[in-house]
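Structural overview
Residues per chain, in single letters:
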Amino acid sequence: MTNLRELVEDTYAEGFRSIYGEVLITARDERWLRHCVAAVTGHASSTILCDCEAGVSRWISADEAKAGATPDGRLGAIVQFHVPRFRKDRREHLEKVMLARISQNVLTCPTARCFNQIDSEDYFKLGRKIALFGDRHQFRDTHHGEPGWVIPILGGEFFLSRRFGYRDGVMGGNLWFFGPDESIALDAAEAASLAAEATPDVITTFPGGVAASGSKAGSSYDFMIASTYAEFCPTLRNELGEKSKVPPGVGSIMEIIVNGRDLESLQAATKNAIHAAAKTEGLLKISAGNYGGRLGKTFIHLHELL
């Protein structure tokens, strides 16, 4: 434990509140499920320039599905779509995000179906809106115990739930991994990402769950809302001099970002990620990004998780 406390900096990750929707996608087999998930979560790494942050919170195997984990007995994936709560149009924006992604990326995928995962008082009537694609041939029905809409398509029929709920969540949980080179930093981040993804109710959103380009709010360009975190870029150590925050011997810093259902879920994922990454031989330090409370008020204190 002493060594772990020495490896992990006594700091905190600064998250912020979100609202998110959650859907279950099922398909005939793993090939088409993964095609569908890749499409529906595409271009959703960061809200800096993406319409949302999306990822898989759980994969459901064929054996689990047969045991009742999915309504139709087929393997599936639970996908979350997060948008920041500080957006004034957050509700309308999340509805547009889910409308576009389900209609353009799930409806179009062979054998796919889409089920709501959140039962809430507030909801989006996405089933009815997406069903308009049926050009008056769509109809309401109950399939697999779920009330929804059936849309005739060239491939057969597409089914989705009538209503899709949403609730408050958390975005921006993060960890940084300091290595002497890119390989060690990436090995640690990859192990951390896999451990986080195996934690219930959370998602990672960047390619492979890892961000090589950690950012800070603001820029020297007034039209940019975020930019590279220059103080933590190893190649700028000499140029920045005393302003650099890169420790001696560090040649690469990788980051993982975690969104999820609530603070407790992010804490669990962060704890699992730390313990997984700490096994990486040669790793120099584990830390996290925060901005003194300017970005959000959801703090994940690393030493409290050890």
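Residues numbered from 1 in each chain as written. Predicted model: local features only at pLDDT ≥ 70, side-chain atom pairs only at ≥ 80, totals over all residues. Heavy atoms only, no water.

**A closer look at the overall build of the protein chain**
For clarity, the threshold we go by: Numbering of helices and strands starts at the N terminus; helices are DSSP runs of H or I of at least 4 residues and strands are runs of E of at least 2. We compute the radius of gyration over the C-alpha atoms and compare it with the globule rule, which gives 2.2 Å times the number of residues raised to the power 0.38. Each residue is assigned to one of three classes by its accessible area relative to the maximum for its type, calculated with a 1.4 Å probe on protein chains only: buried under 20%, partly exposed between the two thresholds, exposed over 50%. In this description, contact between two residues means that some pair of their heavy atoms is separated by no more than 4.5 Å. For the area figures, the Shrake-Rupley method with a 1.4 Å probe applies, and any residue is considered shielded solely by the protein chains shown.
Each helix and strand counted, the protein chain has 8 helices and 15 strands in total. Since a compact globule built from 306 residues should have a radius of gyration of about 19 Å, the 21 Å found for the protein chain is in line with a globular shape. Each principal axis of the C-alpha atoms in the protein chain carries an extent, and together these give about 70 × 45 × 30 Å. Counting across all 306 residues of the protein chain, residues that qualify as buried make up 49%. Long-range contacts, defined as pairs at least 24 residues apart, comprise 73% of the intrachain contacts of the protein chain with a sequence gap of at least 6. For the protein chain, the exposed area adds up to about 15,200 Å²; of that, 50% sits on carbon and sulfur atoms.

**Some details on the domain arrangement of the protein chain**
For clarity, the threshold we go by: Note: domain ranges come from an automatic or database domain assignment. Put simply, buried area is the surface a 1.4 Å probe can reach on two separate parts but cannot reach once they are joined, added for both. A pairing counts as a salt bridge when a side-chain nitrogen of Lys or Arg comes within 4 Å of a carboxyl oxygen of Asp or Glu.
Domain boundaries in the protein chain define domain 1 (4–14 + 170–304) and domain 2 (18–167). Between the C-alpha centres of domain 1 and domain 2 there is a distance of 30 Å. With 17 residues of domain 1 at the contact, the number on the domain 2 side is 17 residues. Ranking the residues of domain 1 by area buried against domain 2 places Met171, Ile203 and Arg261 at the top, with a combined share of 42%. At the boundary of domain 1 and domain 2, one finds 0 salt bridges. Of all the secondary-structure elements, those providing two or more residues to the side of domain 1 that touches domain 2 are strand 9 (164–179), strand 10 (202–204) and strand 13 (252–260).

**Points about the side chain of Glu255**
The line we're drawing: N or O atoms closer than or at 3.5 Å make up a polar contact, with two conditions inside protein: a donor-capable atom paired with an acceptor-capable one, and, for residues adjacent in sequence, both atoms drawn from side chains.
With respect to the element layout, Glu255 can be found in strand 13. Engagement of the side chain of Glu255 in a polar contact is seen with the side chain of Trp176, the distance being 3.0 Å. Once residues within four sequence positions are removed from consideration, Glu255 is found in contact with Asn174, Leu175, Trp176, Gly209, Val210, Ala211 and Gly214.

**Some details on the packing of helix 6 (residues 182–197) against helix 8 (residues 263–277)**
The following threshold applies: Here an axis means a line fitted to C-alpha atoms, over the contact stretch when the element is a helix, while the angle between two N-to-C directions is reported on a 0 to 180 degree scale. We call a crossing left-handed when the near helix sits turned anticlockwise from the far one by less than a right angle, and right-handed when that turn is clockwise. Charged means Asp, Glu, Lys or Arg here, nonpolar means Ala, Val, Leu, Ile, Met, Phe, Trp, Tyr, Cys or Pro, and polar covers whatever is left, Gly included.
Direction vectors running N to C along helix 6 and helix 8 enclose 145°, while the axes themselves pass 7 Å from each other. Of the two elements, helix 6 crosses helix 8, and the hand of that crossing is right-handed. Here Ala188, Ala191, Ala192, Ala195 and Ala196 of helix 6 come into contact with helix 8, specifically with Ala269, Asn272, Ala273, Ala276 and Ala277. A breakdown of the residues in the contact of helix 6 with helix 8 according to their chemical character gives 9 nonpolar, 1 polar and no charged.

**Section: the pairing of strand 8 (residues 156–161)**
Here is the key point about a regular strand: its side chains alternate between the two faces of the sheet. The test is simple: A pair of strands is labelled paired if DSSP reports no fewer than 2 bridges between them.
Inspection of the sheet shows strand 7 (residues 146–153) paired to strand 8 by 6 bridges, in the antiparallel sense. Each bridged residue has a counterpart across the sheet, and for Trp149 the counterpart in strand 8 is Leu160.

**Comments concerning a negative patch on the surface**
Applied cut-off: Like-charged residues within 9 Å of one another, or nonpolar side chains (Val, Leu, Ile, Met, Phe, Trp, Tyr) within 5 Å, are grouped into patches, provided each residue has over 30% relative accessible area and no salt bridge. Counted charges follow a simple rule, with Lys and Arg positive, Asp and Glu negative, and His plus the chain ends left uncounted. Taken as the charge centre is NZ of Lys, CZ of Arg, CG of Asp or CD of Glu, depending on the residue.
On the surface, a cluster of negative charge is made up of Asp181, Glu182, Asp187 and Glu190. Following the sequence through the fold, Glu182 ends up in helix 6. For Glu182, a relative accessible area of 56% puts it in the exposed group.

**A few points about the pattern of salt bridges**
Charged atoms that come close allow side chains of opposite charge to pair. Using the criterion set out here, one finds 12 salt bridges in the structure. Its salt-bridge partner being Glu9, residue Lys285 comes within 3.4 Å of it at the nearest N-O pair. Here Lys285 is found in strand 14 (residues 285–287), whereas its partner Glu9 is found in the loop between helix 1 (2–7) and strand 1 (12–26), with 276 residues between them in sequence. In this structure Glu9 comes out as partly exposed when scored by relative accessible area, which is 32%. A salt bridge links Asp72 to Arg74; its shortest N-O distance comes to 3.1 Å. The same class applies to Asp72 as to Arg74, namely buried. A single network of salt bridges, built from pairs that share partners, joins Arg17, Arg85 and Asp168.

**Here's the deal with the nonpolar core**
We apply this condition: Throughout this description, the term nonpolar core refers to a set of buried Ala, Val, Leu, Ile, Met, Phe, Trp, Tyr and Cys residues connected via side-chain atoms within 4.5 Å.
In this structure, Val23, Phe81, Met98, Ile102, Val106 and Leu160 are the most contacted members of the largest nonpolar core, which totals 36 residues. When residues of this core are assigned to their parent elements, the largest contribution, 5 residues, is made by helix 4 (residues 90–106). Sequence-distant contacts of Val106, defined by excluding residues within four places in its chain, comprise Ile25, Cys36, Val40, Arg101, Ala112, Arg113, Cys114 and Phe158. The next biggest cluster of nonpolar side chains, apart from the first, holds 30 residues, and it includes Ala188, Ala192, Val258 and Leu266.

**Considering the environment of Ser183**
In this fold, Ser183 is placed in helix 6. In this structure the C-alpha to C-alpha distance between Ser183 and Gly251, which are 68 residues apart in sequence, comes to 9.8 Å.

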